[in-house]
Amino acid sequence: MSYTIEGKTGPWELVIGLEVHAQVISRAKLFSGAATVFGAAPNHQVSFVDAAFPGMLPVINRECVAQAIRTGLGLDAEIHLESRFDRKNYFYADLPAGYQISQYQHPIVGRGVIEIEGADGTTRTIGITRLHLEQDAGKSLHDQHPAKTYIDLNRAGVALMEIVSEPDLRSPEEAGAYLRKLRTILRYLGTCDGNMDEGSMRADVNVSVRKAGEAFRTRCEVKNVNSVRFVMQAIEAEAKRQIAVWEEGGVVSQETRLFEPGRGITRSMRSKEDAHDYRYFPDPDLLPLILDPAWIETLRADLPELPDAKKRRFMAEYGLPAYDAGVLVAEQASAAYFEAVARGRDGKFAANWVIGDLFAALNRTGRSIETSPVSPADLGALLDLITDGTINGRIAKDVFEEMVASGEAPGAIVTRKNLRQVTDTGAIEQAVADVLAANPDKVAEYKAGKDKLFGFFVGQVMKAMAGKGNPALVNDVLRRHLA
Amino acid sequence: MPLDPATVRRIAHLARMHIEDDDIPRLQTELNGILGWVEQLGAVNVEGVKPLTGAADMALRMRDDAVTDGDIAEKILANAPERAGDYFVVPKVVE
């Protein structure tokens, strides 16, 4: 069942395309030797090139080009052996040159694909139109003074990849899935950290609506949305606005809009009326960018295993269901942690502990997988203690909590607290006999047919044994005594 | 294609240049002169010639990804008409 929004005149389909600006991971800027590190003092990471002083010439950073190629390869896209840089002209206080160096007609990367997964587990392929390299602008601070804007050019000239999707997305959920997937791929590749809070990934959202079977209607662009949740909210708000316009007999006009998360609406950006009059022309300071195919092959050979491939491998190699594999590969560090635990052990058993107990503990303690208090080796050792019968599953949960709290190894905890599972039948027989002797009324009820009381007896025996009884043996002995 | 007064005004606006109405006929004549001169290139037969954006038949040179510049805030801000701390200050541009 495809996603639609119900209007007064019936259901409407959504057509969505995303332009994602991803900040390239590099030490220096795209065309200058100034640093890119986030959070420096204002205007301290600015060269004369970035500030557009007269006579300065841009020289391209090889690593930024490599990052764009890696990303293109990761998106299964064509890499163009020849591309060019153009000037995109617009006037703004945080753009000192009055133009942004971008790639208009000849981008470095052409068509590619991203596979997204729906909530129901079905996959869909979303087309990538292109990826091009461009400069970021500076940062304007509007909240420092009532009548003034403050400008920091530290970000000016940092390399961005603009990744443009085809209008293939059909719901806010698909747009969210696309963004999350793109972010995962970029992080795997190490080409963008995907940190939306710090602005290293931002999205422009193109939205239009239509009736089933129609061609595309006019779209609007919602600029600079900076979280997955806001992208999804902005799409819904903008689609509903357009539906209302069409249904009241109006016409949606193509324009740039801004999403206001607080009010849950989009509004027109009047200042962007000229936005599509960029007067692009080839940058005379920059020669064509020519790539050596051998270099591309070197970069291809060094690509890491990407999330889709890793997920398929986890399913095949460790027998994981698609859901578990998907959760584990979302972050490279989680996948690596899981593999370290699962190697040589039962994959599904390892996945349950990593996704269940470990992720819950990380959440609770506000830690990430990189700073996990429990190492993969220790979690693996805990699993071994369960598998070889040293401790039972119930006690294992307590040992795990102890590991989270103290970082101690599971074997040491088990020894210190004397948590070894009791498999000595004599001890179990004794505990069972004691419990039955102490509860003659319950025994009578059980024998009269109240089967549910079996659980009560198990609980009492385990309690008497401080939780350390082997559950299978306790069950056996109880059954025999109650028969 | 001669420019009309509205286009002259729009070009000035895009460049954020203030022009008086009196200036328009003169600018219109000048711009049309420039365009006309460039348009002579249209007479050249470029059938089968690859588009060229530079005179040198060379590819872009690349540099290593190393921090070699920056940390010159005083020099960067030296010509700022107005500054606050290490920020440039401009009239409010927000909507």
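A surface patch of nonpolar side chains, about 740 Å² in accessible area, is lined by Ile34(B), Trp37(B), Val38(B), Leu41(B), Val44(B), Val46(B) and Val49(B). Tracing the chain through its elements places Ile34(B) in helix H2 (residues 23-39).

Attention shifts here to the packing of aromatic side chains. Note on aromatic pairs: each is described by the distance of the centres and the angle between the planes. Residues and elements named next belong to chain A. Across all of its chains, the model carries 14 aromatic pairs over all chains by this definition. Between Tyr 90 and Tyr 278 the ring centres are 6.0 Å apart and the planes differ by 65 degrees, which places this aromatic pair in the edge-to-face class. Residue Tyr 90 is located in the loop between strand S5 (86-89) and strand S6 (99-102), and its partner Tyr 278 is located in the loop between strand S15 (265-268) and strand S16 (281-282); the two are separated by 188 residues in the primary sequence. Put simply, the rings of Tyr 90, Tyr 104, Tyr 278 and Tyr 280 pair up and form one aromatic cluster. Directly above the ring of Trp 353 sits Lys 397, whose terminal nitrogen or CZ lies 4.6 Å from the centroid. Between Lys 442 and the ring centre of Phe 456, over which it is positioned, the NZ or CZ distance is 5.0 Å.

Let us now look at the pattern of salt bridges. Residues and elements named next belong to chain A. Across all of its chains, the model carries 47 salt bridges over all chains by this definition. The residue Glu 221 makes a salt bridge to Lys 223 at a minimum N-O spacing of 3.6 Å. Given a relative accessible area of 7%, Glu 221 falls into the buried group. Look at the salt bridges and you will find they share partners, linking Glu 305, Lys 310, Arg 313, Glu 317 and Glu 339 into a network.

Our next topic: helix H2 (residues 172-189) of chain A. Residues and elements named next belong to chain A. Its 18 residues give H2 an end-to-end C-alpha distance of 26 Å, which sits within 8% of 26 Å, the value for a rise of 1.5 Å per residue. Burial of H2 is extensive: 14 of the 18 residues sit out of reach of the surface. With its phi angle positive at about 75 degrees, Gly 190 sits one or two positions after the end of H2.

Here Ala147(A) is to be found in the loop between strand S9 (139-141) and strand S10 (148-152). Here Ala147(A) falls in the partly exposed class, since its relative accessible area comes to 43%. Once residues lying within four places of it in the same chain are set aside, the contact partners of Ala147(A) are Pro91(B) and Lys92(B).

On the side of chain B, 41 residues touch chain A, which itself brings 56 residues to the contact. Applying the counting rule to chain A against chain B returns four salt bridges. Note that Lys148(A) is salt-bridged to Glu82(B), the shortest N-O span being 3.2 Å. Here chain A and chain B share 21 residue pairs in polar contact (both at pLDDT 80 or more) between them. Going through the elements one at a time, strand S3 (60-61), helix H1 (62-74), S10, S15 and strand S17 (289-290) of chain A are the ones with two or more residues in the side of chain A that touches chain B. With five residues, the top contributor of residues to the side of chain A that touches chain B is S10(A). Tallied by class, the residues present in the side of chain A that touches chain B amount to 31 nonpolar, twelve polar and 13 charged.

Residue and element names in this part refer to chain A. With four of five residues buried, strand S14 (residues 256-260) is to be regarded as a mostly interior element. In the sheet, strand S13 (residues 220-225) pairs with S14 via three bridges, with the strands oriented parallel. In the sheet register, Val 222 faces S14, and the bridge partner there is Arg 257. Where S14 meets S15, four bridges bridge the pair, whose relative direction is antiparallel. Note on S15: the bridge partner recorded for Glu 260 is Ile 265. Where S14 folds back on S15, the antiparallel hairpin that results is connected by four residues, among which Gly 264 adopts a positive phi of roughly 65 degrees.

This next bit is on the pairing of strand S8 (residues 123-135) of chain A. Residue and element names in this part refer to chain A. With six bridges joining them, strand S7 (residues 112-117) and S8 adopt antiparallel strand pairing. The residue bridging Ile 114 from the neighbouring strand is Ile 126, located in S8. Remark: five residues form the turn of the hairpin made by S7 and S8, two consecutive strands paired antiparallel; Gly 121 in that turn has positive phi of roughly 90 degrees. Two strands pair when backbone bridges link them, and S8 and strand S11 (residues 159-165) are joined in this way by seven bridges, in the antiparallel orientation. Counterpart to His 132 in the pairing with S11 is Glu 162.

Further remarks concern the domain arrangement of chain A. Residues and elements named next belong to chain A. You can read the domains of chain A as domain 1 (5-297), domain 2 (304-416) and domain 3 (425-482). Computed from C-alpha atoms alone, the centre-to-centre distance between domain 1 and domain 2 is 37 Å. Counting residues at the interface gives ten residues for domain 1, matched by twelve residues for domain 2. Carbon and sulfur atoms supply 47% of the area buried between domain 1 and domain 2, which totals about 920 Å² over both sides. Where domain 1 packs against domain 2, one counts four salt bridges. At the junction of domain 1 and domain 2, the tally comes to six residue pairs in polar contact (both at pLDDT 80 or more). Broken down by secondary-structure element, the contributors of at least two residues to the side of domain 1 that touches domain 2 are S7 and H2. Classifying every residue of the side of domain 1 that touches domain 2 gives three nonpolar, two polar and five charged.

This part covers the side chain of Lys29(A). Residues and elements named next belong to chain A. Mapped onto the elements, Lys 29 comes out in the loop between strand S2 (10-23) and S3. Since its relative accessible area comes to 0%, Lys 29 is described here as buried. In terms of polar contacts, Lys 29 uses its side chain to reach the side chain of Asp 50, at 3.3 Å.

So, on to the sheet that holds S9(A). Taking strand neighbours across the sheet as the criterion, the four strands line up as S9(A)-S10(A)-S3(B)-S2(B) in an open arrangement whose pairing is antiparallel. Each edge of the sheet is formed by a strand with only one pairing partner; in this case those strands are S9 of chain A together with strand S2 (83-84) of chain B. As paired strands, S9(A) and S10(A) are joined by three bridges and run antiparallel to one another. Bridging across to S10(A), Ser140(A) finds its partner in Ile151(A).

For any two helices packed against each other, the geometry comes down to the angle between their axes and how far apart the axes lie. Residue and element names in this part refer to chain A. Between helix H14 (residues 453-464) and helix H15 (residues 471-482), the shortest axis-to-axis distance is 10 Å and the interhelical angle comes to 125 degrees. With respect to H15, the axis of H14 lies oblique. Crossing handedness for the pair H14 and H15: right-handed. From H14, Phe 454, Phe 457, Val 458, Val 461 and Met 462 reach across to H15, where they touch Pro 471, Val 474, Asn 475, Leu 478, Arg 479 and Leu 482. Here the contact of H14 with H15 is composed, by residue class, of nine nonpolar, one polar and one charged.

Basis of the calculations
- Along each chain, numbering runs from 1 in the same order as the chain's sequence is written.
- Throughout, the order in which chains and ligands are written sets their labels, letters from A for the former and numbers from 1 for the latter.
- Per-residue local features of the predicted model are confined to residues with pLDDT of at least 70, and side-chain atom pairs are confined, for both listing and counting, to 80 or more; whole-chain, interface and lining totals are unaffected and use all residues.
- As a convention, hydrogens and water are excluded, and side-chain values are obtained from all of the structure's heavy atoms.
- Surface patches are defined over residues having more than 30% relative accessible area and no salt bridge, joining like charges when they lie within 9 Å and nonpolar side chains (Val, Leu, Ile, Met, Phe, Trp, Tyr) when within 5 Å.
- Note on areas: these come from Shrake-Rupley sampling with a 1.4 Å probe, and a residue is covered only by the protein chains present in the view.
- Whenever a carboxyl oxygen of Asp or Glu lies within 4 Å of a side-chain nitrogen of Lys or Arg, that contact is scored as a salt bridge.
- Secondary structure counts use DSSP, requiring at least four H or I residues in a row for a helix and at least two E residues in a row for a strand, with both numbered from the N terminus.
- Pairing of aromatic rings covers Phe, Tyr and the six-membered ring of Trp, with a centre-to-centre limit of 6.5 Å; geometry is then stacked below 30 degrees between planes, edge-to-face above 60, and tilted otherwise.
- We call a charge positioned over a ring when the NZ of a Lys or the CZ of an Arg lies within 6 Å of the ring centre and within 35 degrees of the ring normal.
- Relative accessibility thresholds used throughout: buried, under 20% of the residue-type maximum; exposed, over 50%; partly exposed, between the two (1.4 Å probe, protein chains only).
- Each helix should span, by expectation, one fewer than its residue count multiplied by 1.5 Å.
- Throughout, a contact is declared for two residues whenever any of their heavy atoms are within 4.5 Å.
- The definition of a polar contact used here is a pair of N or O atoms within 3.5 Å, where within protein one atom must be able to donate a hydrogen and the other to accept one, and adjacent residues in sequence count solely through side-chain atom pairs.
- Any residue that is not Ala, Val, Leu, Ile, Met, Phe, Trp, Tyr, Cys, Pro, Asp, Glu, Lys or Arg is counted as polar, Gly included; the first ten are nonpolar and the last four charged.
- The criterion for strand pairing is that DSSP finds at least two bridges linking the strands in question.
- Residue ranges for the domains trace back to a domain assignment, done automatically or taken from a database.
- A 1.4 Å probe defines the accessible area here, and the buried area is the portion of it lost by two parts on being joined, summed over both.
- Where helices are involved, their axes are fitted lines through C-alpha atoms of the stretch in contact, as for all axes, and angles between N-to-C directions lie from 0 to 180°.
- Reported orientations rely on four angle classes, namely roughly parallel under 35 degrees, roughly antiparallel over 145, roughly perpendicular from 65 to 115, and oblique for the rest.
- When the near helix sits turned anticlockwise from the far one by under a right angle, the crossing is termed left-handed; a clockwise turn instead gives a right-handed crossing.

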